[in-house]
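So you can see what is in the structure, the chains are spelled out below.
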Amino acid sequence: ISAPFIIAGLIAYLLHPLVEEISKRNIPRTFSILIIYLIFFSAIGLAIYYSFPKLVSQLKELQSNFPDFIRSYRLLVYDLYESTSFLPEGFHNQLDVMFNEMEGAISNLFSNMLRRVSVIVNVAVMIAVIPILAFYFLKDYKTLQKSIIAIIPTKFQTVTRQIGRGLEDKLGRYIRGQILVCFLVGVISYLLLKWIGINYPLVLASIMGFTNFIPYFGPIIGAIPAVLIAFTISTKMVFFVILSVFIVQIIEGNLLSPFIVGNSVRIHPVYIIFTLFLAAEIGGIIAMIFAIPLLVIGRVAIPLLRSQMKLRKQEE
């Protein structure tokens, strides 16, 4: 029940600054929203129309070829056994356990992904409601803000407005910029992977773009599936995949992120890395994706709440 409202709220949050900019040019707000809608949902619709069937097809092909990958990796493991025959038997047993766990985890991952794809198709009617909800969120954005603040006790309303403005500035710019960077990383990765001729370029590029939302560790996590599949083809393909990932990261680190995201998150890298390690321990990759936005919220909210508490103590 809550999913369409959360997604529509996020879309409205991301598009709100664009609507405000157009509205400032004496264009009615409703017409401004329709302009943004036409551009945004046309782009989303075209992307889904052209890429979604291909993505599903590649996922199914990847799952059907999974036994071949396992056989290839078993050969690699046997070669590893022969080259490490001088090591204790316990080492080989641990290799067996690790390989079986990896085989089960990857198989379950592909099965779950395909099941979720079918679920998404089945709830297409629910997804159709999202643009309508986002339209009303954008149209009555300020009214909704006032309604939310009215629920909060009077003594906390001022600091809530300050936190909201701070999050709109820092968190909003970070999320919008990072989404655009991830999209561009996915597109560049797809073009490079397609060019070098590796199988399933759309699936692998989608993973690389999605995980790029995680600073520092995301590119490494996203590159692992591509490197694993390249191992089943040839050593030359592994080299080309690693080179492609390296090129993508040079472009992302030196061009895309500095110009698009900039310094919207002015947090020391040590704090970011520690937060990512903590998130990985708590909830894995999903927690790592949300870790930095939550850190930004804390960075904005905690100083303002402290100053509010000091003022209240002085008044008392």
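Quick caveat, the model's predicted, so the values are computed rather than measured. (Residues numbered from 1 in each chain as written. Predicted model: local features only at pLDDT ≥ 70, side-chain atom pairs only at ≥ 80, totals over all residues. Heavy atoms only, no water.)

Caption draft 1: Region of interest: the overall build of the protein. In terms of helices and strands, the protein carries 11 helices and zero strands. Written out in order from the N terminus, the α and β elements of the protein read α-α-α-α-α-α-α-α-α-α-α. Counting all 316 residues of the protein, 34% fall into the buried class. Once local pairs closer than 6 in sequence are excluded, the contacts in the protein between residues at least 24 apart make up 73%. Carbon and sulfur atoms make up 70% of the accessible area of the protein, which totals about 19,700 Å². (Helix = DSSP H or I, 4+ residues; strand = E, 2+ residues; numbered from the N terminus. Buried < 20%, exposed > 50% of the residue type's maximum accessible area, 1.4 Å probe, protein only. Contact = heavy atoms within 4.5 Å. Areas by Shrake-Rupley, 256 points an atom, 1.4 Å probe, with all protein chains shown as cover.)

Caption draft 2: Focus on the packing of aromatic side chains. Evaluation of the coordinates by the stated rule reveals three aromatic pairs. Ring geometry for Phe135 against Tyr136: centres 5.6 Å apart, planes inclined by 80 degrees, an arrangement best described as edge-to-face. A centroid spacing of 5.8 Å and a plane angle of 55 degrees characterise the contact between Phe239 and Phe240, whose relative ring orientation is tilted. (Phe/Tyr/Trp six-rings, centres within 6.5 Å; stacked < 30°, edge-to-face > 60°.)

Caption draft 3: Expanded view of the confidence of the model for the protein. Residues of the protein with pLDDT of at least 70 account for 77%, and the chain-wide mean is 76. Mean pLDDT per element in the protein: helix H4 (residues 89-122) is the minimum at 60, and helix H8 (residues 201-211) is the maximum at 87. (pLDDT = per-residue confidence, 0-100.)

Caption draft 4: Highlighting the nonpolar core. Core analysis: the largest hydrophobic core is formed by 23 residues, its most contacted members being Leu171, Leu276, Ile292 and Val296. Sorting the residues of this core by element identifies helix H1 (2-23), helix H7 (157-196) and helix H11 (269-315) as the ones contributing at least two each. By residue number, the principal contributor to this core is H11, which donates 10 residues. Setting aside residues up to four positions removed in sequence, Leu276 forms contacts with Ile214, Pro215, Tyr216, Phe217, Met288, Ala291 and Ile292. Residues Tyr190, Ile196, Ala205 and Ala226 belong to the second largest nonpolar core, which totals 21 residues. (Core = buried A, V, L, I, M, F, W, Y, C linked by side-chain atoms within 4.5 Å.)

Caption draft 5: Summary view of H8. A large share of H8 lies buried, amounting to eight of its 11 residues. Considered for burial, the residues of H8 that qualify are Pro201, Leu202, Val203, Leu204, Ala205, Met208, Gly209 and Thr211.

Caption draft 6: Representation of the packing of H7 against H8 within the structure. Following both chains from N to C, one finds H7 and H8 inclined at 150 degrees, their axes separated by 8 Å at the closest point. H8 is crossed by H7, and the crossing has right-handed handedness. Of the residues in H8, those in contact with Cys182, Val185, Gly186, Ser189, Tyr190, Leu193 and Lys194 of H7 are Pro201, Leu202, Leu204, Ala205, Met208 and Gly209. Looking at the contact of H7 with H8 residue by residue, the classes come out as nine nonpolar, three polar and one charged. (Axes fitted to C-alpha atoms, helices over the stretch in contact; angles between N-to-C directions. Left-handed = near helix turned anticlockwise from the far one by under 90°. Nonpolar A, V, L, I, M, F, W, Y, C, P; charged D, E, K, R; others polar.)

Caption draft 7: The arrangement of the side chain of Thr211 in detail. Relative to the elements of secondary structure, Thr211 occurs in helix H8. By relative accessible area, which is 5% here, Thr211 ends up buried. Setting aside residues no more than four positions away along its own chain, Thr211 makes contact with Gly218, Ile221 and Gly222.

Caption draft 8: Just the pattern of salt bridges, in detail. Tallying each qualifying case throughout the model produces two salt bridges. The shortest N-O distance in the salt bridge between Lys139 and Asp140 comes to 3.9 Å. Taking the relative accessible area as the measure of exposure, Lys139 reaches 37% and is therefore partly exposed. Among the residues examined, Asp140 registers a relative accessible area of 28% and is labelled partly exposed. (Salt bridge = Lys/Arg side-chain N within 4 Å of Asp/Glu carboxyl O.)

Caption draft 9: Highlighting a nonpolar patch on the surface. Nonpolar side chains collect at one region of the surface, where Phe239, Leu243, Phe246, Ile247 and Ile250 lie side by side and expose about 470 Å² of accessible area between them. Note on placement: Phe246 falls in helix H10 (residues 235-260). Judged by relative accessible area, which is 52%, Phe246 ranks as exposed. (Patch = residues over 30% accessible without salt bridge, like charges linked within 9 Å, V, L, I, M, F, W, Y side chains within 5 Å.)

Caption draft 10: Structural context of the side chain of Ser32. If you trace the backbone, Ser32 turns up in helix H2 (residues 29-64). Given the relative accessible area of 0%, Ser32 is considered buried. Look past the residues within four positions of Ser32 in its chain and what remains in contact with it is Val19, Ile22, Ser23 and Ile27.

Caption draft 11: Expanded view of H1. With 22 residues, H1 should cover 32 Å at 1.5 Å per step; its first-to-last C-alpha distance of 30 Å lies within 8% of that length. The largest bend in H1 amounts to roughly 45 degrees and is located at Leu15, with the proline Pro17 lying one to four residues further along. (Expected span 1.5 Å × (residues − 1). Bend = angle between axes of the 7 residues up to and from the residue.)

Caption draft 12: Inspection of the environment of Ser147 at higher detail. Along the chain, the position of Ser147 falls in helix H6 (residues 141-151). For Ser147, a relative accessible area of 38% translates into the label partly exposed. A distance of 2.9 Å separates a polar side-chain atom of Ser147 from the backbone oxygen of Thr143. (Polar contact = N/O pair within 3.5 Å; in protein donor to acceptor, adjacent residues only side chain to side chain.)

Caption draft 13: How the structure looks around the packing of helix H9 (residues 218-231) against H10. Orientation of H9 relative to H10, taken along the N-to-C sense of each, is 160 degrees, at an axis distance of 8 Å. When the axis of H9 is compared with that of H10, the two are roughly antiparallel. Crossing hand, H9 versus H10: right-handed. Counting all contacts with H9, which are made through Pro219, Ala223, Ala226, Val227, Ala230 and Phe231, the residues of H10 involved are Met237, Val238, Val241, Ile242, Val245 and Gln249. Residue composition of the contact of H9 with H10, grouped by class: 11 nonpolar, one polar and no charged. (Parallel < 35°, antiparallel > 145°, perpendicular 65-115°, else oblique.)

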